Amino acid sequence: MQSNGAAGAAAAAAGGAAGGGGGGGGQGQDPSELSCLGGGAQNGESSSSSSGGGGGTHSNGLLSSSAAAAANNGGGGVGTSNGAATGPGPGPGGVPTTASGSDVSLKKKKRLSQAEEDVIRLIGQHLHGLGLNQTVDLLMQESGCRLEHSSATKFRNHVMEGEWDKAENDLNELRALMHSPNAIVRMKFLLLQQKYLEYLEDGKVLEALQVLRGELTPLKYNTDRIHVLSGYLMCSHAEDLRAKAEWEGKGIASRSRLLDKLQTYLPPSVMLPPRRLQTLLRQAVELQRDRCLYHNTKLDSSLDSVSLLLDHVCSRKQFPCYTQQILTEHCNEVWFCKFSNDGTKLATGSKDTTVIVWQVDPETHQLKLLRTLEGHAYGVSYLAWSPDNTYLIACGPDDCSELWLWNIQTGELRTKMSQSHEDSLTSVAWNPDGKRFVTGGQRGQFYQCDLDGNLLDSWEGVRVQCLWCLSDGRTVLASDTHQRIRGYNFEDLTDRNIVQEDHPIMSFTVSKNGRLALLNVATQGVHLWDLQDRVLVRKYQGVTQGFYTIHSCFGGHNEDFIASGSEDHKVYIWHRRSELPIAELTGHTRTVNCVSWNPAIPGLMASASDDGTVRIWGPAPFLETQEPDGLNENCSNMDS
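Conventions and cut-offs
- Sequence order as written defines residue numbering, which begins from 1 separately in each chain.
- The predicted origin of the model limits local features to residues at a pLDDT of at least 70 and limits the giving and counting of side-chain atom pairs to 80 or more, whereas totals for whole chains, interfaces and linings rest on all residues.
- Heavy atoms from the whole structure form the basis of all side-chain values; hydrogens and water molecules are not counted.
- Two aromatic rings from Phe, Tyr or Trp, using only the six-membered ring of Trp, form a pair when their centres are within 6.5 Å; if the ring planes differ by under 30 degrees the pair is stacked, by over 60 it is edge-to-face, and anything between is tilted.
- Runs of E in the DSSP output that reach at least two residues are strands. Runs of H or I that reach at least four are helices, and both are numbered from the N terminus.
- Under the scheme applied here, a residue whose accessible area is under 20% of the maximum for its type counts as buried, over 50% as exposed, and between as partly exposed, the area being computed with a 1.4 Å probe on protein chains only.
- For two strands to be treated as a pair, DSSP must find no fewer than two bridges joining them.
- Angular values range over 0 to 180 degrees, each being the angle between N-to-C directions of two axes fitted as lines to C-alpha atoms, with helices fitted over their stretch in contact.
- Just to be clear on terms, a salt bridge is a Lys or Arg side-chain nitrogen sitting within 4 Å of an Asp or Glu carboxyl oxygen.

As annotated in an unreviewed UniProt entry, the protein carries the name WD repeat-containing protein 26 and comes from Merluccius polli.

Here it is, written out as structure tokens:
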């Protein structure tokens with residue numbers, strides 16, 4: 001259909017003749033039929049074509065034959081509905097054309113489906129938010145849809161203009177369109193609350209008191225909130241009121257927020273949820289990211305940070321699957337590795353009796369030797385950084401009764417602790433306050449000590465395999481030889497069972513939020529437990545776990561990933577939601593004892609092995625200059 005000035009004017013005239021959905025139309029009707037009752041623009045704005053008395057349109061916006069005739073007789077010959085010409089009009093060059101068979105078929109254009117109507121309304125709402133109101137008018141006119149019900153439009157305008165009595169009267173019209181008439185009381189409460197606050201801000205205390213006593217209180221709804229509101233009468237000035245009520249003050253911002261709350265009680269066929277198209281697009285982007293097995297960067301909730309024209313894809317080459325560095329300074333088996341809490345250092349412990357502390361270059365992510373801590377006669381099988389990264393505690397294997405507390409900043413040994421030569425101090429965990437730690441082993445007790453090694457508390461009769469302090473500062477989790485993890489409270493001296501396995505728990509670690517625990521279970525592999533609900537969430541497949549102590553870890557952005565060493569010389573990585581590994585990293589030649597993921601650099605990981613090396617894993621080198629093949633590799637690929 002050719003577009004020119006005359007056709008546009010005729011289209012507008014046709015829309016006016018067919019214009020529908022004026023005030024009150026649709027009361028008592030099924031709300032699902034309300035969105036496309038009128039052919040005029042019903043976008044809630046002042047449109048000259050939207051004030052008719054109901055019009056002769058079908059529910060999908062197509063002109064009926066009588067309406068089309070009226071439009072043609074009075075409007076210059078062309079009426080538009082869904083973009084279809086409905087009668088004779090000027091052809092190219094001004095030559096009149098007649099309605100052929102194809103023109104007749106256009107008049108009988110199929111009804112818009114519910115999904116199509118919804119899309120048109122979503123687009124209209126978005127365009128309205130951009131201020132393109134004339135475009136919205138034309139879109140609603142041609143489609144025959146309305147953006148929202150006319151009663152909702154009146155209600156919206158009265159709320160935004162602060163005409164509270166009129167807005168309250170509008171609720172009576174909206175009552176018939178609502179699925180839950182009881183919601184009227186809640187909506188009225190929200191309206192009166194805004195009215196009350198605005199009176200108070202304007203200094204109209206008597207009027208505000210009348211609203212509180214004569215309108216809000218008789219509703220007999222949310223009396224606790226009414227007590228809070230009454231307290232605002234004591235505010236000395238407007239700034240004090242806004243601060244105590246956590247309210248933006250009288251104006252567009254607070255009224256828009258109020259309208260968003262009110263809308264939740266209205267069916268979407270009457271009034272669309274606010275910014276609905278943006279919400280759907282954001283959900284789609286987040287869903288694609290959630291399904292992306294290799295996504296390992298911070299989620300930006302802004303749609304401006306992504307392209308809506310392409311699906312979200314992360315390449316495996318952006319993931320820490322590639323050896324970036326091999327650290328060979330240890331001269332025997334490396335039993336443990338752990339990044340500091342700020343990600344700036346890595347500590348590695350070895351059978352060679354040393355701890356090596358490595359510095360992480362913030363730009364290149366390369367590691368260089370910072371200092372070597374010597375003298376651990378039995379070797380170093382466990383390390384723990386203090387919360388502020390100032391201190392590092394080193395423990396030995398089962399027959400070691402000593403513990404070393406090093407000051408990493410100075411390289412000096414602050415404490416060498418041993419309660420008894422009969423002890424076995426093989427595990428340690430810091431209290432969140434950084435002033436205490438707990439330690440123990442398999443000889444039947446564990447202790448709470450200060451930084452000088454002084455004994456604060458002890459718990460007898462527990463053969464400890466691994467320890468962890470929860471963020472509450474009171475509870476210590478300990479795995480023991482009874483294949484369980486129990487919680488011990490040193491303040492009230494209570495303990496309780498949290499996890500029960502059927503096989504020995506060789507080691508465990510806890511997520512940052514304290515909700516999840518990752519267990520390496522003998523002959524079973526890696527298990528994920530929910531500590532709050534005390535249920536087994538997932539068993540991860542692939543890893544070879546016998547009776548060696550292997551340490552796994554959470555890692556990546558938001559701790560979305562899990563990594564573990566294995567007796568088959570590999571490092572396995574899983575997405576937390578998937579039981580199958582997304583990567584199997586090869587390179588070590590003997591058992592991989594420990595894996596640590598850098599908490600500050602999501603693309604950096606370390607692994608320690610009996611082969612005497614520590615491998616540093618990162619994204620593929622020279623990622624930007626690589627050949628394009630495979631660069632946009634699908635995230636579901638699990639090649640190793």
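Now that the structure is up, let's keep going.
Asks: Give a detailed account of the packing of aromatic side chains, specifying residues and quantitative values.
Replies: Under the criterion given, the structure shown has 14 aromatic pairs. With 5.9 Å between their ring centres and 15 degrees between their planes, Phe561 and Trp597 make a pair best called stacked. Within this pair, whereas Phe561 is found in strand β27 (residues 561-564), its partner Trp597 is found in strand β30 (residues 592-597), the two being separated by 36 residues in sequence. Considered together, Phe561 and Trp597 belong to a single accessibility category, that of buried residues. Through a chain of ring-to-ring contacts, three or more aromatic side chains come together here, namely Phe446, Trp459, Tyr488 and Phe490.

Asks: I'd love a proper account of the sheet that holds strand β20 (residues 484-489), names of residues and values included.
Replies: Paired through backbone hydrogen bonds, the strands of a sheet run either parallel or antiparallel to each other. Strand order in the open sheet made by the four strands is β18-β19-β20-β21, with antiparallel pairing throughout. Every other strand in the sheet has two partners, leaving β18 (464-469) and β21 (494-500) as the edge strands with one partner each. Ignoring strand direction, the axes of neighbouring strands in this sheet form an average angle of 25 degrees. Here strand β19 (residues 475-480) pairs with β20 via five bridges, running antiparallel.

Asks: Account for the pattern of salt bridges, with residues named and values stated.
Replies: Going through the model one piece at a time under the given rule, you end up with 22 salt bridges. Asp165 serves as the salt-bridge partner of Lys195, at 3.3 Å between the closest nitrogen and oxygen. Placement of Lys195 in helix α8 (residues 183-201) and of Asp165 in helix α7 (residues 164-175) is noted, with a sequence separation of 30 residues between them. Of the residues examined, Asp165 reaches a relative accessible area of 51% and is grouped as exposed. Salt-bridge contacts for Asp260 lead to Arg275; the nearest nitrogen and oxygen are separated by 2.9 Å. With Asp260 in helix α12 (residues 252-263) and Arg275 in the loop between α12 and α13 (276-291), the pair connects residues that are 15 residues apart, well separated along the chain. The class for Arg275 is partly exposed, based on a relative accessible area of 48%. Connected through shared salt-bridge partners, Asp165, Lys195 and Glu215 make up one network.

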